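Coordinate inspection notes
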Amino acid sequence: DAKTTQPTSMDCAEGRAANLPCNHSTISGNEYVYWYRQIHSQGPQYIIHGLKNNETNEMASLIITEDRKSSTLILPHATLRDTAVYYCIAQGAQKLVFGQGTRLTINP
Amino acid sequence: NAGVTQTPKFRILKIGQSMTLQCAQDMNHNYMYWYRQDPGMGLKLIYYSVGAGITDKGEVPNGYNVSRSTTEDFPLRLELAAPSQTSVYFCASSRGTGVTNEQFFGPGTRLTVL
């Protein structure tokens, strides 16, 4: 399973777009990129996933580079409730391997 | 749908005691998982199950046991509690079919071993 690298922490102003980067340079062809987030001490929450095409849902957009070595999660209009730890996971099997994630703080 | 439920929410154990953390899901998911999360760290997989009667070890299985007699329930057993097992425990489930499947997490059980 590919290892992912994320910045430890990021800040974003409320109402602005939050762009969270993730490097997964060793990702293999059958591994998907998943994003989860964990708000305070709650259980992680699924956000979005993709293989090679860009994806969008009601929560976020996922941009994957053409070589699939990195991706960016975009929260288009961040709110204070988006403050959380965001995990990027590259996974082909059913098991998820969580790193330490990015602690995103949305500032008023 | 209640989703994934876990009991208890909090528990304090003495060293050497045993307990069972309960997990149930009402989404008819085939796959279920147990994770632990130490302070400031990501989640680590303890055990998982791909269906009733089938379980397998994850990254950190030592000191734990699981069983899966029904699709809905996946209890985690600690036989001889140790301070190193102080952690927050999360149960999750997923459909398990298809190439991708998102996991749904419970609210967690916060365990302290003194």
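Residues numbered from 1 in each chain as written. Chains lettered and ligands numbered in written order. Predicted model: local features only at pLDDT ≥ 70, side-chain atom pairs only at ≥ 80, totals over all residues. Heavy atoms only, no water.

Regarding the overall build of chain A
Within chain A, the secondary structure is distributed over 0 helices and 9 strands. Reading the helices (α) and strands (β) of chain A from amino to carboxyl end gives β-β-β-β-β-β-β-β-β. In terms of overall size, chain A behaves like a compact globule, its C-alpha atoms giving a radius of gyration of 13 Å where 108 residues would be expected to give roughly 13 Å. Taken along the three principal axes of its C-alpha coordinates, chain A extends 40 × 25 × 25 Å. Classification of the 108 residues of chain A by burial places 45% in the buried group. A separation of at least 24 residues holds for 55% of the contacts in chain A among residues at least 6 apart in sequence. Of the roughly 5,500 Å² of accessible surface on chain A, 47% is carried by carbon and sulfur atoms. In chain A, 9 side chains carry a positive charge and 9 a negative one; their mean positions are 4 Å apart. (Helix = DSSP H or I, 4+ residues; strand = E, 2+ residues; numbered from the N terminus. Rg over C-alpha atoms; globule rule 2.2 N^0.38 Å. Buried < 20%, exposed > 50% of the residue type's maximum accessible area, 1.4 Å probe, protein only. Contact = heavy atoms within 4.5 Å. Areas by Shrake-Rupley, 256 points an atom, 1.4 Å probe, with all protein chains shown as cover. Lys, Arg positive; Asp, Glu negative; His and termini not counted. Charge placed at Lys NZ, Arg CZ, Asp CG, Glu CD.)

Brief notes about the state of the cysteines
Residues and elements named next belong to chain A. For the structure shown, the criterion picks out 2 disulfides over all chains. Residue cysteine 22 pairs covalently with cysteine 88 via a disulfide, S to S 2.1 Å. The S-S bond linking cysteine 22 to cysteine 88 shows a torsion near -80 degrees; that makes this disulfide left-handed. Of this pair, cysteine 22 sits in strand S2 (residues 18-23) while cysteine 88 is found in strand S8 (residues 84-91), placing the two residues 66 residues apart along the sequence. (Disulfide = S-S within 2.5 Å.)

Side note on the pairing of strand S6 (residues 61-64) of chain A
Residues and elements named next belong to chain A. As paired strands, strand S5 (residues 55-56) and S6 are joined by 2 bridges and run antiparallel to one another. The residue bridging glutamate 55 from the neighbouring strand is leucine 62, located in S6. The turn linking S5 back onto S6 is made up of 4 residues. Inspection of the sheet shows S6 paired to strand S7 (residues 70-75) by 4 bridges, in the antiparallel sense. The residue bridging isoleucine 64 from the neighbouring strand is serine 71, located in S7. (Pairing = 2+ DSSP bridges.)

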